[in-house]
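Spelled out from the first residue to the last, the chains are:
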Amino acid sequence: MAQKVAVLGTGKIGEALLSGMIRAGWAPADLLVTARRPERAEELRTRHGVTPVTNPEAAKTADTLILTVKPQDMGTLLDELAPHLPADRLIISGAAGIPTSFFEERLAAGTPSSVS
């Protein structure tokens, strides 16, 4: 079974990451995306062939979640994800200036995370 990866907050940076993953050989069927606006989600589906989902669906379904929301939106996103996120999911953040402790305080104990 292929790994499912979700890119949450698929704005400019998220879409650049997404398109790079596809160019690197990731199958669009293995990539999930979230977007704030439904029309943006449909644009990503049309352009890249990926599957738009809600943030809770991404938390439940994806093996790895890449968080590309703006730093000021990260707390709200983590609060939304926390009730749905099993502790075995890998979380990767692309948000600048947010320490690992910020994630540890909001997610289940033992959730692996990487802050870039």
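1. Details of the overall build of the chain
- Helices and strands together make up the secondary structure of the chain, namely five helices and six strands.
- When the helices and strands of the chain are placed in sequence order, the string is β-α-β-α-β-α-β-α-β-α-β.
- The C-alpha atoms of the chain give 13 Å as radius of gyration, which agrees with the globular expectation for 116 residues (13 Å, within 12%).
- Its C-alpha atoms give the chain principal-axis dimensions of about 35 × 30 × 25 Å.
- Taking all 116 residues of the chain together, 41% fall into the buried category.

2. Digging into helix α2 (residues 38-48)
- Inspection of α2 places Arg-40, Ala-41, Leu-44 and His-48 among the buried residues, and these make up the whole buried set. Each buried residue of α2 lies within a common arc of 105° when the element is viewed along its axis, so the set occupies one face. Exposed side chains of α2 directed beyond 90 degrees from the buried face belong to Pro-38 and Thr-46.
- Positive phi appears at Gly-49, one or two residues downstream of α2, with a value of about 75°.

3. What about the nonpolar core?
- Leu-8, Leu-65, Leu-67 and Met-74 are the most contacted members of the largest nonpolar core, which totals 20 residues.
- Those elements that provide at least two residues to this core are β1 (5-8), α3 (55-61), β4 (64-67) and α4 (74-81).
- Per-element tally for this core: the top contributor is α4, with four residues.
- The residues contacting Leu-8, other than those within four sequence positions of it, are Thr-34, Asn-55, Ala-58, Leu-65, Ile-66, Leu-67, Thr-68, Val-69, Leu-77 and Leu-81.

4. Concerning the pattern of salt bridges
- In the structure shown here, the tally under the stated rule is nine salt bridges.
- In this structure, Asp-73 engages Arg-36 in a salt bridge whose closest nitrogen and oxygen atoms are separated by 3.1 Å. Here Arg-36 lies in the loop between β2 (31-34) and α2 and Asp-73 lies in the loop between β4 and α4, a separation of 37 residues in the sequence.
- With a relative accessible area of 25%, Asp-73 lands in the partly exposed category.
- With a shortest N-O distance of 2.9 Å, Asp-88 and Arg-89 are connected by a salt bridge.
- Judged by relative accessible area, which is 58%, Asp-88 ranks as exposed.
- Several salt bridges share partner residues, and in doing so they unite Glu-15, Arg-40, Glu-43 and Arg-47 into one network.

5. So, the packing of aromatic side chains
- Using the criterion set out here, one finds one aromatic pair in the structure.
- An angle of 80° between the planes, with centres 6.0 Å apart, marks the rings of Phe-102 and Phe-103 as edge-to-face.
- Of the residues examined, Phe-103 reaches a relative accessible area of 2% and is grouped as buried.
- The ring of Phe-102 is capped by Arg-106, whose NZ or CZ atom sits 3.6 Å from the centre of that ring.

6. Describing the pairing of β2
- Residues Leu-31 and Val-33 line one face of β2 and the alternating positions Leu-32 and Thr-34 line the opposite face, and both faces are buried.
- Taken together, the four bridges between β1 and β2 define a ladder with parallel strand orientation. Paired with Ala-6 across the strands is Leu-32, a residue of β2.
- With respect to chirality, the unit in which β1 leads through helix α1 (residues 12-23) into the neighbouring parallel β2 is right-handed.
- Note: β2 against strand β3 (residues 51-52), two bridges, orientation parallel. From the neighbouring strand, Leu-32 faces β3, where its bridge partner is Thr-51.
- This β-α-β element, β2 to α2 to β3, shows right-handed connectivity.

Parameters and conventions
- Residues numbered from 1 in each chain as written.
- Predicted model: local features only at pLDDT ≥ 70, side-chain atom pairs only at ≥ 80, totals over all residues.
- Heavy atoms only, no water.
- Helix = DSSP H or I, 4+ residues; strand = E, 2+ residues; numbered from the N terminus.
- Rg over C-alpha atoms; globule rule 2.2 N^0.38 Å.
- Buried < 20%, exposed > 50% of the residue type's maximum accessible area, 1.4 Å probe, protein only.
- Arc of directions from axis to C-beta.
- Core = buried A, V, L, I, M, F, W, Y, C linked by side-chain atoms within 4.5 Å.
- Contact = heavy atoms within 4.5 Å.
- Salt bridge = Lys/Arg side-chain N within 4 Å of Asp/Glu carboxyl O.
- Phe/Tyr/Trp six-rings, centres within 6.5 Å; stacked < 30°, edge-to-face > 60°.
- Lys NZ or Arg CZ within 6 Å of the ring centre and 35° of its normal.
- Pairing = 2+ DSSP bridges.
- Right-handed = clockwise from strand over helix to strand, strands pointing away.

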